[in-house]
Amino acid sequence: MFSAKTDAKRGKGRIPKTVPIKCTDLTVCVLPSPTTLTPKPTVELELAQAGLGKRVVTIAEDCKHMDIVTIMEEEFPKLQPLQGRWMFYKATGGSGQRRMTLISMDTEGYSGRQIRSVSNCGKNVLFLVPLQEEMDTQPLPYNSAEFAKMPKVPCVTCNTTMPLQMLALHAEECKLNSNEKIDLVIVEDGNDNLEEEVTNIAAGARDVSEDSLAMCPICQKELPLSVLPYHGSLCAERSFSTSVFEDDMEQPGPSSGAHSSRISGPATEEWKTVENPQEAVQLFFEHLREGGKRQPTLFLTLDSRDTDEERDRSLISFYKQQREKNQWAAPFNCHIQGDAAIGIGVTRHILSTAIAKLKHGFKLNYGNAAETTLFEGEIDHLLPSASAVLVESELFVMAGRMIGHSLINQGPALSGLSLAIVHSLTGGTKDTATTNLCLEDCPDIEQRETIRLLLKDEWTEDETSQVSNLCLEFYFAVPNKRSNKMLLFQQLLTHAVLGRVGAQLKQLKKGLKDTGVWPLISCRPDVLPLLFPRESEAEITPEMILQAIQWPQPHHTEDSDDSDADDIQPEKLNLVTGLLRTFVEHASPSNLRKLLKFWVGWEVVPRTLTLEVVQSSGPNHLPKAYTCQERIRLPDHYTSLSALTADMMVCLQSVDSGFGLV
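Residues numbered from 1 in each chain as written. Predicted model: local features only at pLDDT ≥ 70, side-chain atom pairs only at ≥ 80, totals over all residues. Heavy atoms only, no water.

Below, the discussion takes up helix H17 (residues 485-498). Between its first and last C-alpha, H17 extends 19 Å over 14 residues, near the 20 Å set by a 1.5 Å rise per residue. Along H17, the residues classified as buried are Leu488, Phe489, Leu492, Leu493, Thr494, Ala496, Val497 and Leu498. (Helix = DSSP H or I, 4+ residues; strand = E, 2+ residues; numbered from the N terminus. Expected span 1.5 Å × (residues − 1). Buried < 20%, exposed > 50% of the residue type's maximum accessible area, 1.4 Å probe, protein only.)

So, in structure tokens, the structure goes:
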């Protein structure tokens, strides 16, 4: 019986072996739209807030394609509407933004074994890129399904529970709002709804005594002194906007109806098809501002007691901040500390100042001059400065944002650029831009005169040496008797104008794209003369101002609540208005610009300019402008043009400094 043989296995072989399934912890970064570039490090937190970005998922080696799709959709719920219309990409080594390559599928799609292999056992990051759709990148609520697995902590300031990785960005916003929080309360008064700002001072300043309260001169509400300037700015702007809207509704004719239909109608892309370029620009920016109304208001504060350099640095710092496109279209309010002025007139003044700084320079010292100019050259032939310091500081990105932000807010445009620069900036190639070149585009006078020598038939020995030296400086062959002078002329001029501003133009284009203005520029080339006008076309003429002035009538205005608006004798009224008309007719273009800036805050002619003649309080009674209401008041004591001109020139000299300084 001991020798009987059986088929049963003996030893270790009697127990069947089980091979464990290998799993890979894979880092996947989901991108919101089709692209071949990795995301910049600065947008990773933005993607995380939108439920996208980097996460670690576990994929088994035996997973099939549909298993991988299911795992991704469970980890990233925003992928469910795509129904698998995405593919994996991988990037080469290094840091910063890199180019990605597509990971091709097997015959049955992606598999766990393939994913493990291409990711080097999970050591490399794979990028999931949609093939057709673009996913929303707006921040999700903190209780969204995308954040269900993340650890959550409460904010110590507002006690809001949120994912831990979102706390860093939230803490900055919460810190700004913790000192002073403004709640909007709707108060019904008869049939009207009035918005009233009720300011709650945080922490120890909640109990405000009567001594620290002051009355708003517009809505007659008592508010703390610390928030009165901000309240007054919003209050003045709201009252002014309401009065303008009511005036437009009262005007008969087709223009009033068209205006109201555009405001109340749905947001469309009618600007792409409308024939009139001016109307296309108006429709586009109305659509852009309508989308920005849902964004928080942008605030810019300058201090009149600072030096010119400190104010310029504050202005540059505001426009160098990275924001979303919709945020640049948000309502914009400005305040000048130490200045009595409030309201939309201050916003106009600062936007006008920003565009003027672009053309004439900032009071900053970058080592070679007390004033830093971003554009150089003659009027209507301005070029971006070739300074490498300005490019490294990304000041031209800031310049593009200034231009776009001013256009969004119906402010002044940057005029006087070279046609070749405008063509290159707005999508034209270098070859086609050369057709718009002229000698005046060359900012260097010495180089310009040397290039002009190529138009001569014969050269002297000194002229030959000048041309040869310039060719060697620009790395061109030295000309001889058989050289084509006109071809060399075009090559040298192109290099002198466009050869050293490529990086500047890229930064300007990026700044315009950041503000959301680029679709209008790329889709409607016919609007370029309106967005980048020639200096001669942007010049303000006396006729433009005189036609916009609403001349006073010789009777008392019953709706005026100012004590100065008393009855003025018709003789005095006609005399003062006639003197102002004469002053405008003989004013230089520079003084006309200053007059508009004194009257309304910037150099854009509005639909109407209100003129009032009031009783004089004495010989030192100067003209007074109410920029928010586009109104100017002249005292009635003027009897000669010289007296009016002297006082007006005193007022015009204050427009570059601020308000209330005369």
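Taken together, Glu376, Asp444, Glu446 and Glu473 make up a surface patch of like negative charges. For glutamate 376, a relative accessible area of 30% corresponds to the partly exposed category. (Patch = residues over 30% accessible without salt bridge, like charges linked within 9 Å, V, L, I, M, F, W, Y side chains within 5 Å. Areas by Shrake-Rupley, 256 points an atom, 1.4 Å probe, with all protein chains shown as cover. Salt bridge = Lys/Arg side-chain N within 4 Å of Asp/Glu carboxyl O. Lys, Arg positive; Asp, Glu negative; His and termini not counted. Charge placed at Lys NZ, Arg CZ, Asp CG, Glu CD.)

Applying the stated criterion across every chain yields a total of nine aromatic pairs. With a centroid separation of 5.3 Å and 75° between ring planes, the pair formed by phenylalanine 284 and phenylalanine 285 is classed as edge-to-face. Each member of the pair, phenylalanine 284 as well as phenylalanine 285, carries the same accessibility label: buried. Taking the ring centre of tryptophan 459 as reference, the NZ or CZ of lysine 485 above it sits at 4.3 Å. (Phe/Tyr/Trp six-rings, centres within 6.5 Å; stacked < 30°, edge-to-face > 60°. Lys NZ or Arg CZ within 6 Å of the ring centre and 35° of its normal.)

Turning our eyes to something else, we now look at the sheet that holds strand E18 (residues 624-626). The four strands are arranged E16-E17-E19-E18 in an open sheet whose pairing can be described as mixed. Either end of the sheet is taken by a strand with one partner, and the two such strands are strand E16 (549-550) and E18. In the sheet, E18 pairs with strand E19 (residues 631-635) via three bridges, with the strands oriented antiparallel. Bridge pairing in E19 links lysine 624 to arginine 633. Contacting E16, strand E17 (609-614), E18 and E19, helix H23 (residues 589-600) runs over the sheet at an angle of about 80° to E17. (Pairing = 2+ DSSP bridges. Contact = heavy atoms within 4.5 Å. Axes fitted to C-alpha atoms, helices over the stretch in contact; angles between N-to-C directions.)

Turning our attention to the sheet that holds strand E2 (residues 53-60). Pairing is mixed in the open sheet, where five strands are placed in the order E2-E1-E5-E3-E4. At either end of the open sheet lies a strand with only one pairing partner, and these are E2 and strand E4 (100-102). Taking each pair of neighbouring strands and ignoring which way they run, the sheet shows an average axis angle of 40°. Bridge count between strand E3 (residues 86-91) and E4: three bridges; the pairing is antiparallel. Bridged to lysine 90 within E4 is threonine 101. Along the sheet face, helix H2 (residues 65-75) touches strand E1 (23-30), E2, E3 and strand E5 (126-130) and points at about 140° away from the line of E2.

Further remarks concern the packing of helix H8 (residues 308-320) against helix H12 (residues 395-408). Put simply, H8 and H12 touch, their axes get as near as 9 Å, and they point 85° apart. It follows that H8 is roughly perpendicular to H12 by the angle criterion. Contacts between H8 and H12 involve Leu315, Ile316, Phe318, Tyr319 and Lys320 from the first element and Leu395, Met398, Arg401, Met402 and His405 from the second. When the residues that make up the contact of H8 with H12 are grouped by side-chain class, the tally is seven nonpolar, one polar and two charged. (Parallel < 35°, antiparallel > 145°, perpendicular 65-115°, else oblique. Nonpolar A, V, L, I, M, F, W, Y, C, P; charged D, E, K, R; others polar.)

The subject of this paragraph is the nonpolar core. By size, the foremost hydrophobic cluster in this structure holds 112 residues, and its most contacted members are Phe285, Leu358 and Phe532. No other element matches H12, which puts eight residues into this core. Beyond its immediate sequence surroundings of up to four residues, phenylalanine 285 is in contact with Leu407, Ile408, Val517, Leu520 and Leu531. Listed in part, the 30 residues of the second largest apolar core include Val28, Leu31, Cys63 and Ile68. (Core = buried A, V, L, I, M, F, W, Y, C linked by side-chain atoms within 4.5 Å.)

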